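# Structural characterization, general
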Amino acid sequence: MSELHKFLFDGLPVRGMIVRLTDAWTEILARRAGNSDTGAYAPPVQALLGEMAAAGVLMQSNIKFNGALVMQVFGDGPVKLAVTEVQPDLSVRATATVRSDQPVADDADLADLLNVGGGARCAITLDPKDRQPGQQPYQGVVPLEDANGRRFERLSDALQFYMLQSEQLDTVLVLAANDKVAAGLLIQRMPVKGEANLAAATESADAGHDQIGLNEEYNRIATLASSLTREELLTLDVDTILRRLFWEEKLVRFEPQEGDTAPRFACNCSRERVAGMLRTLGLDEIESIVQERGQIEVGCEYCGQQYRFDPIDAATLFTGPEKQPPSSEAVQ
């Protein structure tokens, strides 16, 4: 089962969390693989999207925000666009649009997938659940390259750059995904001043102690976290990872989010919503499609789930007690 673990380093201005998406991630892949139009993602695209899903859960759970966190990367490579969305309850969905005229190399990295000619971007959007009139979502956008123009080869590098720009806090991210697990480790430096639970660190803090890159305790822990390999992150359980990395540190661990509170897959598409959309086309158009193709197939553009309506299903769209007025909601 998927799980999320949060922890603090006692007396130090450092927090961390580990996420492992298992059933949530395999459900995303299964829906896409079952789509006859698109088929399964190529392994490098799959790995990118899994890392995005894990990172999205980490970032959503790291903020107090009642709304959706949407992460997008887009550019001129084989991957035109990849998106993951995480709700406040940690429900997650993800999708990628791949250009059919650009092959995906087996060893493609982030730059190969998105930033072939330069200009690729990463956008993080926070969309409030109860948006007030005139209120716009917050969005931060960073290039998929550093200040010197060097293209990021890993998603974690791009997101660390984003966190530094948007939150002004040092962050280490380790991400990995395969066809079974999407996982991530986040370590972040917290502001020393004003943190009541960091009294031990505050007593010895000077003006420079809280500046980016200058906190020695954080730098030590960040170095340990960065030593975690992709294989370890994918195969080891959370307790083993924390023990191997931070066996000399005193951790304060919170109750893990697993079971009913764990990250989970969710998409707002449904057969009922698709049926409502089809009714808006009208009876004549529906009969024409069925006559031409034998059935109607509609795929959710976000999760890839396909909904099929045979001639009998199509006919009942406009008859019987289940018939409803045209829906204003489209499949998203």
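Just so we're clear, the structure is a prediction, and the values are computed from it rather than from any experiment. (Residues numbered from 1 in each chain as written. Predicted model: local features only at pLDDT ≥ 70, side-chain atom pairs only at ≥ 80, totals over all residues. Heavy atoms only, no water.)

Core analysis: the largest hydrophobic core is formed by 73 residues, its most contacted members being Leu114, Leu159 and Ile296. If you tally residues by element for this core, the top one is helix H2 (residues 43-61), at 10 residues. With 25 residues, the next largest nonpolar core counts Ile18, Val172, Ile187 and Leu245 among its residues. (Core = buried A, V, L, I, M, F, W, Y, C linked by side-chain atoms within 4.5 Å. Buried < 20%, exposed > 50% of the residue type's maximum accessible area, 1.4 Å probe, protein only. Helix = DSSP H or I, 4+ residues; strand = E, 2+ residues; numbered from the N terminus.)

Glancing now at helix H10 (residues 283-293). Each full turn of the α-helix corresponds to 3.6 residues, which orients residues three or four apart in the same direction. When H10 is considered as a whole, its buried residues turn out to be Ile286, Ile289 and Val290. The buried residues of H10 occupy one face: seen down the axis, they fall within an arc of 95 degrees. The exposed set on the far side of H10, more than 90 degrees from its buried face, consists of Asp284, Gln291 and Glu292. Check the buried side of H10 and you find it contacts helix H9 (271-279), strand S13 (296-299) and helix H11 (311-316). Residue Gly294 follows H10 closely and has a positive phi angle near 90 degrees. (Arc of directions from axis to C-beta. Contact = heavy atoms within 4.5 Å.)

All right, on to the packing of H2 against helix H4 (residues 155-167) then. Running from N to C, H2 and H4 cross one another at 30 degrees; their axes reach a closest spacing of 10 Å. It follows that H2 is roughly parallel to H4 by the angle criterion. Of the two possible hands of crossing, H2 and H4 adopt the one that is right-handed. Mapping the contact onto sequence places Leu48, Glu51, Met52, Ala55 and Met59 in H2 and Leu155, Leu159, Tyr162 and Met163 in H4. Looking at the contact of H2 with H4, its residues break down into eight nonpolar, no polar and one charged. (Axes fitted to C-alpha atoms, helices over the stretch in contact; angles between N-to-C directions. Parallel < 35°, antiparallel > 145°, perpendicular 65-115°, else oblique. Left-handed = near helix turned anticlockwise from the far one by under 90°. Nonpolar A, V, L, I, M, F, W, Y, C, P; charged D, E, K, R; others polar.)

Turning our eyes to something else, we now look at the sheet that holds strand S12 (residues 264-265). Taken together, six strands build an open sheet; the order of strands is S7-S6-S3-S4-S5-S12 and the sheet is mixed. Each edge of the open sheet carries a strand with a single partner, namely strand S7 (138-143) and S12. Here eight bridges tie strand S3 (residues 67-74) to strand S6 (residues 121-128), and the two strands are oriented antiparallel to one another. Bridge pairing in S6 places Val73 opposite Cys122. (Pairing = 2+ DSSP bridges.)

Attention shifts here to the pattern of salt bridges. In the structure shown here, the tally under the stated rule is 14 salt bridges. Between Glu3 and Arg20 there is a salt bridge whose closest N-O contact spans 3.8 Å. One end of the pair, Glu3, is in strand S1 (residues 3-9); the other, Arg20, is in strand S2 (residues 14-21), with 17 residues separating them in the sequence. On the basis of relative accessibility, which here comes to 17%, the residue Glu3 falls in the buried class. (Salt bridge = Lys/Arg side-chain N within 4 Å of Asp/Glu carboxyl O.)

Our next topic: the layout of surface pockets. One way to see where empty space is left: roll a probe the size of a water molecule over the atoms. Here the largest pocket is characterised by a volume of approximately 510 Å³. Along the walls of the largest pocket sit 23 residues, with Glu51, Arg154, Ser156, Leu175 and Arg230 positioned nearest its centre. Looking at the lining of the largest pocket, the elements with two or more residues in it are H2, helix H3 (110-114), H4 and strand S8 (171-177). Its residues assigned to classes, the lining of the largest pocket comprises 14 nonpolar, three polar and six charged. (1 Å grid on protein atoms, 1.4 Å probe; cavity = no way out; pocket = protein on both sides within 12 Å on 5 of 7 lines; lining within 4 Å. Points joined across faces, edges and corners; volume = space filled by probe spheres on them.)

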